[in-house]
Amino acid sequence: MTIMEPGRRRLRFAGTAGILSAALLLQGCLAPEQEADGEENNINTVADTESAEGEGNGNGNAAPDTALKLQDGIVGAVEEASAAVVGVTNLQTAGNYWTGSEETVPAGVGSGVIYKKEGGKAYVVTNNHVVEGASQIEITLEDGTKVAARLLGADIWTDLAVVEMEDAAVQDVIEFGDSDELKRGQTAIAIGNPLGLGFSGSVTVGVISGKERSIPVDLNGDQSVDWNAEVLQTDAAINPGNSGGALVDLNGLLIGINSMKIAEASVEGIGLAIPINSAVPIIEDLEQHGEVRRPQMGVTLFDLMDIPAVYQQQELNLPEDVTEGVVVDQVMQGSPAQDAGLRQYDVITAMDGENIANLIDLRKYLYNEVKQGDTVKLEVYRGGEAMDIEINF
């Protein structure tokens, strides 16, 4: 299913480790190996000029109890989760100019999260762009131990990948939280390896700035939108090398997989993470099948809310009270959508009785609730008339 949103900036993942462009608006956070190997970084240190002991709260207390509790909560969460956050090194085969022989060299470094131990194996979730093109993968544990890993599966659309390794040196796994229950302003903690393994286990703290952000992404570099990533927005600092790392709550539970940041000169503090509730079914498919087995409708779609009201009423002939849904743009030949009788400009407002307000709702329901072989009832407006259409997957 191809999903497009009109009128949006066209953004993309950084496809090559180590190459960052000033014109790049959306970057995947994969650190170049040169930085991880110790290439000089410009680091400014700033001494703290204020002591917490000198900060009064108007009633003689050195610091508010709530601030102390928050600090303790952050420390506890990091202690709970950090052992499960690892470094992921992408090793690729390259030719040696002088000898003409091939050798395996590091191409980039990202992060990953150990989420499961079973049958002598440990399983790590990371980003697809962290392991893309790898001929070998190496995992670096919190204590510096390096373990060879094997790619089980990767999904370019959600930018997720799962790798497997021996679990003999693995001390801990992370527990999943519930990203659907997150609130704006809730504390969010990012753990990963910004700029590579030299800064492994780095912790940054912020808040959940927004939920259910839909970010248009160019996956193949052709300057057109291929996908809309559903992400959490946070102001916890996310930098190259943080990709695939953990975003956790104050209980140390995994609520997101750090993936991208808005990289524009005028933008500060917009990091993006894949919500764990969206990631779990993808992780399970990649682990068990090596790929994501998705039902496909065979349509291109627009959000109804992106279409001006005058066109909603004149071209689509919608009732005034229909303001949410998705609009069919194209129907592919031989697709389930064509077999079901869907047409261009049909407006889908519900699936099996579940309201579909936008593309995120449709994709979440389709990918999380529908399996191959299922029949789904669509509530559709065509030329202003409501109707039900059944589609078989």
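From a predicted model like this one, the values you see are computed outputs, not experimental measurements. Numbers given to residues run from 1 along each chain, matching the order in which its sequence is written. Residue-level local features of this predicted model are given only where pLDDT is at least 70; pairs of side-chain atoms are given and counted only at 80 or more, and the full residue set underlies all totals for whole chains, interfaces and linings. With hydrogens and water set aside, each side-chain value is computed from the structure's full complement of heavy atoms.

## Some words on the overall build of the chain
Within the chain one finds seven helices and 21 strands. Each residue is placed in one exposure class: buried if its accessible area under a 1.4 Å probe, protein chains only, is under 20% of its type's maximum, exposed if it is over 50%, and partly exposed if it falls in between. Per-residue burial over the chain gives 47% buried out of 393 residues. Sequence separation of 24 or more characterises 65% of the internal contacts of the chain that already satisfy a separation of 6 or more. Accessible areas in this description were obtained via Shrake-Rupley with a 1.4 Å probe; residue shielding takes into account the shown protein chains only. Taken as a whole, the chain presents about 19,200 Å² of accessible surface, with 44% of it coming from carbon and sulfur. Each helix corresponds to a stretch of at least 4 residues labelled H or I by DSSP, and each strand to a stretch of at least 2 residues labelled E; elements are numbered beginning at the N terminus. Any two residues having at least one pair of non-hydrogen atoms within 4.5 Å are treated as being in contact.

## Quick notes on the packing of aromatic side chains
Pairing of aromatic rings covers Phe, Tyr and the six-membered ring of Trp, with a centre-to-centre limit of 6.5 Å; geometry is then stacked below 30 degrees between planes, edge-to-face above 60, and tilted otherwise. For the structure shown, the criterion picks out two aromatic pairs. Ring geometry for Tyr115 and Tyr123: centres 6.4 Å apart, planes at 45°, overall tilted. A single burial state applies to Tyr115 and to Tyr123, both of which are buried. Relative to Phe176, the ring of Tyr115 has its centre 6.1 Å away and its plane inclined at 25°; by these criteria the two rings are stacked. Here Tyr115 is found in strand S5 (residues 102-118), whereas its partner Phe176 is found in the loop between strand S9 (160-166) and strand S10 (187-192), with 61 residues between them in sequence. For Phe176, a relative accessible area of 33% corresponds to the partly exposed category. One aromatic cluster in this structure is built from Tyr115, Tyr123 and Phe176.

## Points about the pattern of salt bridges
Note on definitions: salt bridges are taken to be side-chain nitrogens of Lys or Arg within 4 Å of carboxyl oxygens of Asp or Glu. Across all of its chains, the model carries six salt bridges by this definition. Here Glu118 ties to Lys116 by a salt bridge, and the two come within 3.7 Å at their closest N and O atoms. For Lys116, a relative accessible area of 22% gives the class partly exposed. In this structure, Arg382 engages Asp346 in a salt bridge whose closest nitrogen and oxygen atoms are separated by 2.8 Å. In this pair, Arg382 sits in strand S20 (residues 375-382) while Asp346 sits in the loop between helix H6 (336-340) and strand S18 (347-351), placing the two residues 36 residues apart along the sequence. Each of the two residues, Arg382 as well as Asp346, counts as buried. Each of the salt bridges in this network shares a partner with another, and the network as a whole consists of Lys116, Glu118 and Glu287.

## Structural notes on the pairing of strand S17 (residues 326-331)
Judged from the five bridges that link them, strand S16 (residues 299-303) and S17 form a sheet pairing that is antiparallel. Considered in S17, the bridge of Phe302 is made with Val327. Think of it this way: DSSP has to see at least two bridges between two strands before they count as a pair. Here S17 pairs with S18 via two bridges, running antiparallel. The partner of Val326 across the bridge, within S18, is Ile348.

## Quick look at the environment of Val347
The topology assignment puts Val347 in strand S18. Counting along the chain gives 37 residues from Val347 to Gly384, while the straight-line C-alpha distance between them is 9.1 Å. Look past the residues within four positions of Val347 in its chain and what remains in contact with it is Leu304, Leu316, Leu318, Val326, Val327, Glu379, Val380 and Tyr381.

## Some thoughts on the nonpolar core
As used in this record, nonpolar core signifies buried Ala, Val, Leu, Ile, Met, Phe, Trp, Tyr and Cys residues forming a set joined through side-chain atoms within 4.5 Å. Counting residues in hydrophobic clusters, the biggest one holds 44 residues, and the most contacted among them are Ile114, Ile139, Leu160, Met165, Ile174, Val248 and Leu254. Each residue touching Ile114, except ones within four places of it in the same chain, is listed here: Ala84, Val86, Ala122, Tyr123, Val124, Leu141, Met165, Val170, Asp172, Val173 and Ile174.

## Description of helix H2 (residues 65-81)
The span expected for a helix works out to 1.5 Å for each residue beyond the first. Here H2 is 17 residues long and its end C-alpha atoms lie 24 Å apart, about the 24 Å a rise of 1.5 Å per residue gives. Listing the buried residues of H2 in full gives Gly73, Ile74, Ala77, Val78 and Ala81. Down the axis of H2, the sector holding all buried residues measures 130°, keeping them to one side. Facing away from the buried side of H2 by more than 90 degrees, the exposed set consists of Asp65, Lys69, Gln71, Asp72 and Glu79. The directions from the helix axis to the C-beta atoms form the arc being described.

## What to know about the pairing of strand S6 (residues 121-126)
Within S6, five of the six residues are buried, leaving the element largely enclosed by the surrounding structure. Where S5 meets S6, five bridges bridge the pair, whose relative direction is antiparallel. If you follow Lys116 over to S6, its bridge partner there is Tyr123. Here S6 pairs with S9 via six bridges, running antiparallel. For Val125, the partnering residue across the bridge sits in S9 and is Val162.

## Considerations on the side chain of Gln312
Tracing the backbone through its elements, the reader meets Gln312 in helix H5 (residues 309-314). There is a polar contact of 3.1 Å between the side chain of Gln312 and the backbone oxygen of Leu304. Apart from residues no more than four positions distant in its own chain, Gln312 is found in contact with Leu304, Met305, Ile307, Asn317, Leu318, Val322 and Thr323. The definition of a polar contact used here is a pair of N or O atoms within 3.5 Å, where within protein one atom must be able to donate a hydrogen and the other to accept one, and adjacent residues in sequence count solely through side-chain atom pairs.

## Topic: the environment of Glu80
Tracing the chain through its elements places Glu80 in helix H2. A relative accessible area of 44% places Glu80 in the partly exposed class. Measuring from C-alpha to C-alpha, the distance between Glu80 and Val173 comes to 9.5 Å, with 93 residues separating the pair along the chain. In this structure, Glu80 is in contact with Asp172, Asn251 and Gly252, ignoring residues within four places of it in sequence.

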